[in-house]
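The residues making up each chain are set out below.
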Amino acid sequence: MDISALVSPSTVAVRAGVSTKRQLMNILAELASPVVGTPEKALIEGLMEREALGSTGLSGGAAVPHARSPEISKVSGVFVKLEQPLEFDAVDDRPVDLVFALFAPAEAGAEHLRALAGVSRLLRRPEVREQLRRAKTPEALYALLVHRIEASAAA
């Protein structure tokens, strides 16, 4: 999967001081809004509605929250590394510190599912999570997501 089609340098961040799921969703929406052309409020509502159906927390401290809406113009993603893990009701009950959020148009069923599956597969790999945790800056995270991780996935 081509992660560079989902994220850009402006949609990758390291954040501190996040203590609730709602705060995290606000950050994700803030990063995504300019890229997907949708107001933050609509993105937050979409993320929270999906999360109400069941946690999008994977195992190993990673989560893939996602939202679909007719207001979203294209399948896009944002990646946030939290400095302090956040309780997220993940399947393994571990707190989350690696979050890759996906946003898709309402009609982008197959494309959204392919992106979701690809990101989930990526974040389930322990070596990928470890590389991301060692990165200290958004630039280093972006480089890992787009270049190094994709190269190792293709090998």
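To keep things clear, this report deals only with the structure shown in the data block. Residue numbers restart at each chain and count upward from 1, following the sequence in its written direction. At least 70 in pLDDT is required for a residue's local features to be given in this predicted model, at least 80 for side-chain atom pairs to be given and counted, and no such filter applies to totals for whole chains, interfaces and linings, which use all residues. Values shown for side chains rest on all heavy atoms present in the structure; no hydrogens or waters enter the calculation.

Let us look at the overall build of the protein. Under the scheme used here, helices are H or I runs from DSSP no shorter than 4 residues and strands are E runs no shorter than 2 residues, and both carry numbers assigned from the N terminus. On a plain count of helices and strands, the protein comes out with five helices and five strands. The order of α-helices and β-strands along the protein, N terminus first, is β-α-α-β-β-β-β-α-α-α. Relative to its length of 155 residues, the protein is compact, with a C-alpha radius of gyration of 14 Å against a globular reference of 15 Å. Principal axes of the C-alpha set define a box for the protein whose edges measure 35 × 30 × 25 Å. Here the protein holds 155 residues, and the buried ones make up 51% of them. By sequence separation, contacts in the protein at least 24 residues apart represent 71% of the contacts at least 6 residues apart. Values of accessible area rely on a 1.4 Å probe in the Shrake-Rupley scheme; residue burial ignores everything except the protein chains shown. As displayed, the protein has an accessible area near 7,300 Å², and 52% of this comes from carbon and sulfur atoms. When charges are counted, neither His nor the chain ends are considered; positive counts come from Lys and Arg and negative counts from Asp and Glu. One atom stands in for each charge, and that atom is NZ of Lys, CZ of Arg, CG of Asp or CD of Glu. Charge separation in the protein, taken as the distance between the mean sites of 18 positive and 19 negative side-chain charges, equals 4 Å. Taken over C-alpha atoms, the radius of gyration is set against a globule rule of 2.2 Å times the number of residues to the power 0.38. Only protein chains enter the accessibility calculation, which uses a 1.4 Å probe; a residue whose area is less than 20% of its type maximum is buried, one above 50% is exposed, and one in between is partly exposed. By the convention used here, residues are in contact when the closest approach between their heavy atoms is within 4.5 Å.

Glancing now at helix α2 (residues 40–53). In this model α2 runs 20 Å from its N-terminal to its C-terminal C-alpha over 14 residues, within 8% of the 20 Å that 1.5 Å per residue would give. Within α2 the residues assigned to the buried category are Ala42, Leu43, Ile44, Gly46, Leu47 and Glu51. Buried-residue contacts for α2 involve α1 (21–36), β3 (66–69) and β5 (96–105). With its phi angle positive at about 155°, Gly54 sits one or two positions after the end of α2. In this analysis, the expected span of each helix is defined as 1.5 Å times one less than the number of residues it contains.

Those residues of helix α4 (residues 126–134) that sit buried are Val128, Arg129 and Leu132. End-on view of α4: buried residues confined to an arc of 100°, all on one side of the axis. In α4, those exposed residues whose orientation departs by more than 90 degrees from the buried face are Pro126 and Arg134. When we speak of the arc, we mean the arc of directions from the helix axis to the C-beta atoms.

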